[in-house]
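A structural walkthrough
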Amino acid sequence: MTRFISKKDLITWLEKLIQERILIAPTTKNGLLLFQPVSEVEDIVLDFQNTELSPKECFFSATETLFAVKREDGRTELVPATVDRDTVLFGLHPCDAMGMAINDKPFLAEPADTLYGQHRARTTLIGLPCSKPTTECFCTSMGGGPHDPTHLDVLLTEAEDGYIVQAVTGKGEEILPSSVVEREIVSPPPPSVEPVPAAGISEVMERVFEAPYWSRLADRCIHCNICAYVCPTCYCFDVRDYANGGRIERVRSWESCQSPGFTRIAGGYDPRSSKGARLRQRFYHKLRYFPQEFGALGCVGCGRCIRACPVNIDIREVISDVQKLGAKIGT
Amino acid sequence: MAVEYQPRMVGFLCNWCSYAGADMAGTSRMTYPPNIRIIRVPCSGRVDPLLVMKSFEQGADGVLVSGCHPGDCHYTEGNYHARRRFALLRSLLDFLGIEKERLRVEWVSASEGGRFKELVSSFTEELQRLGPRSEVSP
Amino acid sequence: MRQELGQQIGEKARELLSSGVVECVIGYERATDGVTARPLFVYGVEDVDRLIFDDTCIHNLTRYLLNRRDKNTAVVAKPCDSRAINLLLNEKQIEREKVFIIGVACQGVVETRWNQAGETLQARCQLCSQHTPVVYDFLVGEAPPEQPPPEAYADVLEMEARSAAEREAFWQEQFDRCIRCYACRQVCPGCYCSECFVEQLDPLWVGIRIAPAENQIWNTIRAFHLVGRCIGCNECERVCPLNIPLSLLNRKLEKEVWELFGFQAGMSAEAVPPFATFEKEEKLGIGE
């Protein structure tokens, strides 16, 4: 027996969730499909390939205040930002959930990022399997899969006139409505995803660091931050203090290793000043340094950077080029 | 009596003419609305459009850029360049929905204390007529 | 025809590379989606066969000349792109004798997205009347017959006709979604400051926040820094991942510059740009 919810009951459930919590789901605005807070169930897009930006924004905002400084009677107090409302992130695909699990590693490793931790703790992830992977998707090569429920709280798979309900975690179990019933139903098989030769990539990367390949690849790169900002696992940021009208606060905003001043240090020296070195860093962080430190590749294969890149820097091509290069260089 | 809306204005005045003109208004005991905050700059040609945008961002309702009359620039041609630059910036601001009346560029000489007083008064009235700028949330 | 263009470019590239006239040829090749094009840097004759040219070759490659200032380089340039070469020559950013321009007489390019090439020409191409590059050393292709250009600023006029409040609301909504990825800047041949105002720390003009107030300053000043300099290649709008209509701003300023000063950027390498000169007696609605 499988647990099941009808389409009608799903809508009622979502309506209830909108009342009780913040519901973030894919919606279309200005022709762009983005994860945004919704107030009407009918605005939610259920059948989609990938959103333009990843849902990492729900936990690691493009800009957020980390703490404010309060001054009173000669005393100075730091008031940390808190997350005071529960959120449901609805409709994310398994690759995006895996992206979150990857970001958990750096953010929640001790000393943990408390604001990120709060966002995570107060958000429930209700996922939809990916039924139509794009041509640029390669999740299966990165350890995920279009129907993989692992990093979600609930997975809803469309079947017949409703959805098969899979509560993956206790948090997911808690949020389920009573309209979920038991039914004899077979879940559809996952679609196939084009593979990339990622096996052993991390070790091969070690051998090709000095290859002229990287500066040649950077010829084409315009060094914007698009790839980093659409990526579900890019987590670099900048921090600065703001003072305005007596209010002092520390703010964090997205940054990217492709920015010219990203690694510039006091005195003006920049250890990664060449464009080739900056572009190389992007791939080394994902395919070499991150696995070294956290034991998993820092890419989920969602294909967003491939689609959004203005000059077609394609990580699939980079992976296969690196494999060829590594084979040529030898061990 | 209701308190009238008091606009906030930033004035970038050139050191050689307009700042001296404002000084003249002061030493002649002329009164004009206290809504303007004056910043002295070497020349109207030094006023970067960024200074204007930054003023608006920080909550200014209006910005005044003022320099020597054409032909009188201490640096010969700074104000001619300012004239071209701000003509375009005003069009751009207007296109973005920031009324072009909010950016005024005027020529005031060192002896025109009365003119400076008139200018600040009429600009204040104009901004009162336009009302506060709509908030751009931070 | 299209295949022919790619071949002609390839042959010229082979000649230039083998004779040592240039060290690198910047052109186009097929992207990994098999549909669109991407920039290609050819350093050796073995790669010249990868060169293509068709209506998906939308990139303005002249931006890359700024990365190769001291090296002899050939570049494939459409008419709009060629205006950027004049801009860069005028601003003393590149040397004419170090650049070999393979001009392409252009019939227009199509709207492309990843894995998709449109059927119809880009809006700007439909309005374009410059079908032959303004500067080139070698020309391939054939320009279509001249036609009177249609009204080029319909959308600008439409926006001007709206109320200030409507315009403000419109742009606020557009700028609010900016994520400050700076792709518009990075792709622009006119945006080459070694340190952009937006990244300067002293003075700190714009903070790091990706938020409406900062976004507005960034987008306004970006457009303003291109007054009399924007050559209309529309690359900024193409690369914007959030579809902000940047060309509407650029063309508003282009229109103003044309009406006030009769100037069009990049038409000649010698013409003095409007902000580098002035007329003593001109009336611009300021201080009058």
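Conventions adopted
Residues numbered from 1 in each chain as written. Chains lettered and ligands numbered in written order. Predicted model: local features only at pLDDT ≥ 70, side-chain atom pairs only at ≥ 80, totals over all residues. Helix = DSSP H or I, 4+ residues; strand = E, 2+ residues; numbered from the N terminus. Rg over C-alpha atoms; globule rule 2.2 N^0.38 Å. Buried ≥ 20, exposed ≤ 12 C-beta atoms within 10 Å, placed from the backbone. Contact = placed C-beta atoms within 7 Å. Nonpolar A, V, L, I, M, F, W, Y, C, P; charged D, E, K, R; others polar. Pairing = 2+ DSSP bridges. Axes fitted to C-alpha atoms, helices over the stretch in contact; angles between N-to-C directions. Domains from an automatic or database assignment. Core = buried A, V, L, I, M, F, W, Y, C linked by C-beta atoms within 7 Å. Parallel < 35°, antiparallel > 145°, perpendicular 65-115°, else oblique.

Attention shifts here to the overall build of chain C. Scanning chain C from N- to C-terminus turns up 9 helices and 7 strands. In summary, chain C has a C-alpha radius of gyration of 20 Å against a globular reference of 19 Å for 288 residues, a match within 12%. On the principal axes, the C-alpha backbone points of chain C span a range of 60 × 45 × 45 Å. Within chain C, buried positions represent 47% of all 288 residues.

When you go through chain A residue by residue, the secondary structure sums to 10 helices and 12 strands. Since a compact globule built from 331 residues should have a radius of gyration of about 20 Å, the 22 Å found for chain A is in line with a globular shape. Seen through its C-alpha atoms, chain A measures out along the principal axes to roughly 65 × 60 × 40 Å. Classification of the 331 residues of chain A by burial places 43% in the buried group.

The interface is formed by 25 residues belonging to chain C together with 31 residues belonging to chain A. Put simply, the parts of the chain that give the side of chain C that touches chain A at least two residues each are strand S2 (37-42), helix H6 (183-187) and helix H8 (235-239) of chain C. Residue composition of the side of chain C that touches chain A, grouped by class: 15 nonpolar, 6 polar and 4 charged.

A few words now on the sheet that holds strand S4 (residues 63-72) of chain A. To summarise the sheet geometry, strands pair through backbone hydrogen bonds and adopt either a parallel or an antiparallel arrangement. Residues and elements named next belong to chain A. Taking strand neighbours across the sheet as the criterion, the 4 strands line up as S5-S4-S12-S11 in an open arrangement whose pairing is antiparallel. In this open sheet, the two strands that pair with only one neighbour each are strand S5 (75-80) and strand S11 (237-244). The sheet shows a mean angle of 20 degrees between the axes of neighbouring strands, taken without regard to direction. Alignment of S4 against S5, held across 6 bridges, turns out to be antiparallel. Bridge pairing in S5 links Glu-72 to Arg-75.

On to the domain arrangement of chain C, then. Residue and element names in this part refer to chain C. In terms of domains, chain C is made up of domain 1 (2-140) and domain 2 (154-276). Summarising the inter-unit geometry, the C-alpha centres of domain 1 and domain 2 are found 24 Å apart. On the side of domain 2, 18 residues touch domain 1, which itself brings 17 residues to the contact. For the side of domain 1 that touches domain 2, the element with the highest residue contribution is helix H2 (residues 79-90), accounting for 9 residues.

Below, the discussion takes up the sheet that holds strand S7 (residues 138-140) of chain C. Residues and elements named next belong to chain C. Overall, mixed pairing links the 5 strands, which are arranged S2-S1-S3-S4-S7 in an open sheet. The open sheet has two free edges, formed respectively by S2 and S7, since each of these has just one partner strand. Shown here is a sheet whose adjacent strand axes are inclined to one another by a mean of 30 degrees, direction ignored. Bridge analysis of strand S4 (residues 99-104) against S7 gives 3 bridges, and the strand direction is parallel. Within the sheet, the bridge partner assigned to Ile-102 lies in S7 and is Phe-138.

Looking now at the interface of chain B and chain C. Listed as interface residues are 30 residues of chain B and, on the opposing side, 32 residues of chain C. Those elements that provide at least two residues to the side of chain B that touches chain C are helix H2 (49-57), helix H3 (78-95) and strand S4 (103-107) of chain B. Per-element tally for the side of chain B that touches chain C: the top contributor is H3(B), with 12 residues. A class-by-class count of the residues in the side of chain B that touches chain C yields 17 nonpolar, 5 polar and 8 charged.

Think of interface size as the accessible area that goes away when the parts come together; that is how it is often given. Residue and element names in this part refer to chain A. The domain boundaries assigned to chain A delineate domain 1 (2-183) and domain 2 (201-329). Of note, the centres of domain 1 and domain 2, computed from C-alpha atoms alone, are 25 Å apart. Looking at the side of domain 1 that touches domain 2, the elements that each hand over two or more residues are S4 and helix H2 (94-108). Counting residues per element, the side of domain 1 that touches domain 2 draws most heavily on H2, which supplies 9 residues. Its residues assigned to classes, the side of domain 1 that touches domain 2 comprises 16 nonpolar, 10 polar and 6 charged.

Attention shifts here to the nonpolar core. Formed by 205 residues in total, the largest nonpolar core has its most connected members in Val75(C) and Val76(C). The dominant element in this core, judged by the number of residues it contributes, is H3(B), at 7 residues. Excluding its chain neighbours within four sequence positions, the residues that come into contact with Val76(C) are Ile9(C), Ile26(C), Gly27(C), Tyr28(C), Phe53(C), Leu61(C), Ile102(C) and Val104(C).

This paragraph deals with the packing of helix H6 (residues 213-220) of chain A against helix H8 (residues 275-294) of chain A. All names here are of chain A. Two numbers describe how H6 lies on H8: the axes approach to 8 Å, and their chain directions differ by 100 degrees. Between H6 and H8, the crossing angle belongs to the class labelled roughly perpendicular. From H6, Trp-214, Ser-215, Leu-217 and Ala-218 reach across to H8, where they touch Lys-275, Gly-276, Leu-279 and Arg-280. Considering only residue class, the contact of H6 with H8 consists of 4 nonpolar, 2 polar and 2 charged.

Turning our eyes to something else, we now look at unusual backbone geometry. Residue Pro111(A) follows Glu110(A) across a cis peptide bond; omega there is -5 degrees. Inspection of the secondary structure puts Pro111(A) in the loop between H2 and helix H3 (114-121). Note that the residue after Asp202(C), namely Pro203(C), is joined by a cis bond; omega there is 5 degrees. Notably, Thr76(B) is not glycine yet its phi reads approximately 70 degrees, a positive angle. By secondary structure assignment, the location of Thr76(B) is in the loop between strand S3 (62-67) and H3.

In this structure, Gly78(B) sits in helix H3. In this structure the C-alpha to C-alpha distance between Gly78(B) and Ser44(B), which are 34 residues apart in sequence, comes to 6.5 Å.

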